Amino acid sequence: MPVEATTSYPAAAKSATAVLVTGASGGVGSTAVALLAAAGYEVVASTGKSAERDYLSGLGAGRVVGREFAEDDGRILGPQLWAGVVDCVGGRTLAQALRTVRYGGAVAASGLTGGNDLSTTVYPFIVRAVALLGIDTVATPIAERRALWAEMPSVFPLGRCEDMVDAEIGLDGLTSALARVLEAGVRGRILVRP
Ligand SMILES: NC(=O)c1ccc[n+]([C@@H]2O[C@H](COP(=O)([O-])OP(=O)(O)OC[C@H]3O[C@@H](n4cnc5c(N)ncnc54)[C@H](OP(=O)(O)O)[C@@H]3O)[C@@H](O)[C@H]2O)c1
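Residues numbered from 1 in each chain as written. Predicted model: local features only at pLDDT ≥ 70, side-chain atom pairs only at ≥ 80, totals over all residues. Heavy atoms only, no water.

**Description of the site of the ligand**
- Taken together, 24 residues sit near the ligand, with Ser25, Val28, Thr47, Thr137 and Arg189 positioned nearest.
- Between the ligand and the protein, one listed contact pairs a nitrogen atom with a backbone N or O atom of Ser110 at 3.0 Å.
- Notes on the ligand: free accessible area 910 Å², of which the protein chains cover 77%.
- A breakdown of the residues in the shell around the ligand according to their chemical character gives eight nonpolar, 12 polar and four charged. (Near = heavy atom within 4 Å. Polar contact = N/O pair within 3.5 Å; in protein donor to acceptor, adjacent residues only side chain to side chain. Areas by Shrake-Rupley, 256 points an atom, 1.4 Å probe, with all protein chains shown as cover. Nonpolar A, V, L, I, M, F, W, Y, C, P; charged D, E, K, R; others polar.)

**Quick notes on the pattern of salt bridges**
- Within this structure, the stated rule accounts for eight salt bridges.
- Here Glu68 and Arg92 are joined by a salt bridge, their closest N and O atoms 3.3 Å apart. Separated by 24 residues along the polypeptide, Glu68 in the loop between strand S3 (63-65) and strand S4 (82-87) and Arg92 in helix H4 (residues 91-100) bring together distant segments of the chain.
- Given the relative accessible area of 56%, Glu68 is considered exposed.
- The closest approach of N and O atoms between Arg160 and Asp163, which form a salt bridge, is 3.4 Å.
- Judged by relative accessible area, which is 30%, Asp163 ranks as partly exposed. (Salt bridge = Lys/Arg side-chain N within 4 Å of Asp/Glu carboxyl O. Helix = DSSP H or I, 4+ residues; strand = E, 2+ residues; numbered from the N terminus. Buried < 20%, exposed > 50% of the residue type's maximum accessible area, 1.4 Å probe, protein only.)

**Some points on the environment of Glu168**
- As for its placement among the helices and strands, Glu168 is situated in strand S7 (residues 165-169).
- Between the C-alpha atoms of Glu168 and Ile190, which are 22 residues apart in sequence, the distance is 6.0 Å.
- Setting aside chain neighbours within four positions, we find Glu168 in contact with Leu191 and Arg193. (Contact = heavy atoms within 4.5 Å.)

**Describing a nonpolar patch on the surface**
- A surface patch of nonpolar side chains, amounting to about 470 Å² of accessible area, comprises Ile76, Val122, Tyr123, Ile126 and Val127.
- Residue class for Tyr123 comes out partly exposed when judged on its relative accessible area of 37%. (Patch = residues over 30% accessible without salt bridge, like charges linked within 9 Å, V, L, I, M, F, W, Y side chains within 5 Å.)

**So, the environment of Val86**
- Counting through the fold element by element, Val86 comes out in strand S4.
- Considered as a pair, Val86 and Ala147 are 61 residues apart in the sequence and their alpha carbons are 21 Å apart.
- Apart from residues no more than four positions distant in its own chain, Val86 is found in contact with Leu20, Val21, Thr22, Ala32, Leu36 and Ala108.

**A closer look at H4**
- The element H4 is extensively covered by neighbouring structure, given that nine of its 10 residues are classed as buried.
- Within the span of H4, buried status applies to Gly91, Thr93, Leu94, Ala95, Gln96, Ala97, Leu98, Arg99 and Thr100.
- Where H4 is buried, its residues touch strand S1 (19-22), S4, strand S5 (101-109), helix H5 (123-126) and strand S6 (131-134).

**Side note on the sheet that holds S6**
- Across the sheet, which stays open at both edges, the six strands sit in the order S3-S2-S1-S4-S5-S6 with parallel pairing between neighbours. Each edge of the open sheet carries a strand with a single partner, namely S3 and S6. Averaged over neighbouring strand pairs, the angle between their axes works out to 20° when direction is ignored.
- As judged from the four bridges shared by S5 and S6, these two strands associate in the parallel manner. Paired with Ala109 across the bridge in S6 is Gly134.
- Helix-sheet contacts for helix H2 (residues 27-38) involve S1, strand S2 (43-46) and S4, and the interaxial angle to S1 is about 160°. (Pairing = 2+ DSSP bridges. Axes fitted to C-alpha atoms, helices over the stretch in contact; angles between N-to-C directions.)

This is the structure:
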């Protein structure tokens, strides 16, 4: 007798449709929030800046949470909260994302503002079929970049660009601006007018 294929995902996994963005108020995070929301995803923005809640909601986040977005009760795998994660932070944040993404979900790792280490287990991969996707823009071939930039006007909410400019500076303002970047004090991007 043939064995029928069955779906045995836990109930929580089926209902997890949100995409989490960590380091959400930064440049990469803000862009991810705006792009995902414009594409129709339910976005949860994780930020350490409580003052930027309205900003993130304005970009399209349906929910804004702190940097501790999941309880760490010491268990290897946590609740299945997200369909996917865009992680700009790395370190413990990336480990938490991996243990709370749902069955079959994916985590895109782009940054290391929270640390360059990663302490995790194989369980998200071999029990929940989670994918960890590395992102690198620096070596992305120019043809691929041009194709993506050409697509941007139709997928990015251009009306949000102004909100994402934290400040406009000249070259003489670079030193103090970089100090703010290192303190994680910048919202979106600083625009440099040489
Ligand atoms: N792979 C690539 O191709 C690529 C491309 C661009 C950038 N990056 C990297 O991606 C990361 C983000 O870039 P970005 O341009 O968005 O930087 P950014 O504008 O400086 O934003 C980084 C954000 O990370 C959060 N953060 C800072 N310190 C943290 C900490 N100790 N713990 C947790 N969160 C912290 C803050 O957001 P909240 O206050 O909202 O939590 C901060 O705004 C950087 O590491 C950068 O080098 C990688």
